[in-house]
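A look at the structure
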Amino acid sequence: MFNAAIKYTILSLLTLSLATSCSGNGDEAKARNLLECAREAVKAGDYERALTLTDSLKRTYPKEIDTRREAMHVTATANERLSLRMLETADSTLAVLGVRGDSLSRLVKFVSNPIEGYYAGASAKTADFAATTGIQARVSPGGDFYIVSSLPSSKGVKSTSVKVSCEGESASTASVPFDGERNDRSLGTEMITFMGVECEDLGSFIYDFRHKPLTLSFVGERTLSVPLSPSAAEEIATLYEYANTIRQAKVAAIEKERLTRAVDIARSQAARTFVEKDSL
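Described below are features of the structure shown in this document. (Residues numbered from 1 in each chain as written. Predicted model: local features only at pLDDT ≥ 70, side-chain atom pairs only at ≥ 80, totals over all residues. Heavy atoms only, no water.)

The next thing to look at is the pairing of strand E5 (residues 161-166). Direction of pairing for E5 relative to strand E9 (residues 214-219): antiparallel, over a ladder of five bridges. Of the residues in E9, the one forming a bridge with valine 164 is leucine 216. What sits between E5 and strand E6 (residues 169-172) in their antiparallel hairpin is a turn of two residues, with glutamate 167 showing a positive phi close to 50°. (Pairing = 2+ DSSP bridges. Helix = DSSP H or I, 4+ residues; strand = E, 2+ residues; numbered from the N terminus.)

Right under this line is the structure:
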């Protein structure tokens, strides 16, 4: 209640301050005062406030054509400078992700495959993985994280999902019914491929608990539990982070491209709406 009262008081004072600093007699004077407030906001680097003020001017005083025309230049300038600021952030984000990706790339290897190659842990034994009991993380060239489980059919589990637990907490994959493809029981091995959201929770859980003792459980007609080795947990965590880094870098690159276009558009608009009296 006390914090809410303080917040309400501050907002009231800010509103009063704005009304006082941007007041005047008649619509023309009020519109021009709003315009000057917007110009001052641009000079102060408060581009969001400048855009709010020019938007308010356009909505509140639609008949003040000359003032609205000048406000168009202020809007374009604020948009350009705000986009440039955001572009700098996007550049920094891409640089950080690039460094992280380079660091992680040393811990993975690309495995050729007739269907589609994939990234696995640098020390992962991919060729004979089907002869083991465990799970292995992989990342597609596009950055999709997935997990493959392997369990000898002689164990009689007929697994459809896997679970990892630690200190009373756990995470599971989605259930993948036996279909002879993604859940395959041929050649004496139960192998299941868990894609994307089917194993996202599991990957995140292993990443968070990778430095603690983990238990891996194969769940089907019955449940079989074995320890998940520290090296396997670290490998899965690395691939999970690598996949996230690839995806984040893609998003950041798209955002950078969008902001670059936004800057070009705003500059063009600023040039078209410039009038001699503008000094921004």
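Each aromatic ring pair is specified by the distance between its two centres and by the angle formed by the two planes. A complete count under the given rule lists five aromatic pairs for this structure. Note on tyrosine 207 and tyrosine 240: the rings are 6.0 Å apart at their centroids and 45° apart in plane angle, and the pair reads as tilted. Within this pair, whereas tyrosine 207 is found in helix H5 (residues 200-209), its partner tyrosine 240 is found in helix H6 (residues 230-273), the two being separated by 33 residues in sequence. Residue tyrosine 207 is classed as partly exposed on the basis of its relative accessible area of 25%. According to the relative accessible area criterion, tyrosine 240 is buried, its value standing at 8%. (Phe/Tyr/Trp six-rings, centres within 6.5 Å; stacked < 30°, edge-to-face > 60°. Buried < 20%, exposed > 50% of the residue type's maximum accessible area, 1.4 Å probe, protein only.)

Enumeration over the complete set of coordinates arrives at twelve salt bridges. Here glutamate 70 and arginine 32 are joined by a salt bridge, their closest N and O atoms 3.1 Å apart. Highlighted residues: glutamate 70 in helix H4 (residues 65-105) and arginine 32 in helix H2 (residues 26-43), separated in sequence by 38 residues. Judged by its relative accessible area of 24%, arginine 32 is partly exposed. We note a salt bridge from arginine 261 to glutamate 257, for which the minimum N-O separation is 3.2 Å. One end of the pair is arginine 261 and the other is glutamate 257, both in helix H6 and four residues apart, which spans about a single turn. Look at arginine 261 and you get partly exposed, because its relative accessible area is 45%. Connected through salt bridges with shared partners, the residues Arg32, Glu36, Arg39 and Glu70 form a single ionic network. (Salt bridge = Lys/Arg side-chain N within 4 Å of Asp/Glu carboxyl O.)

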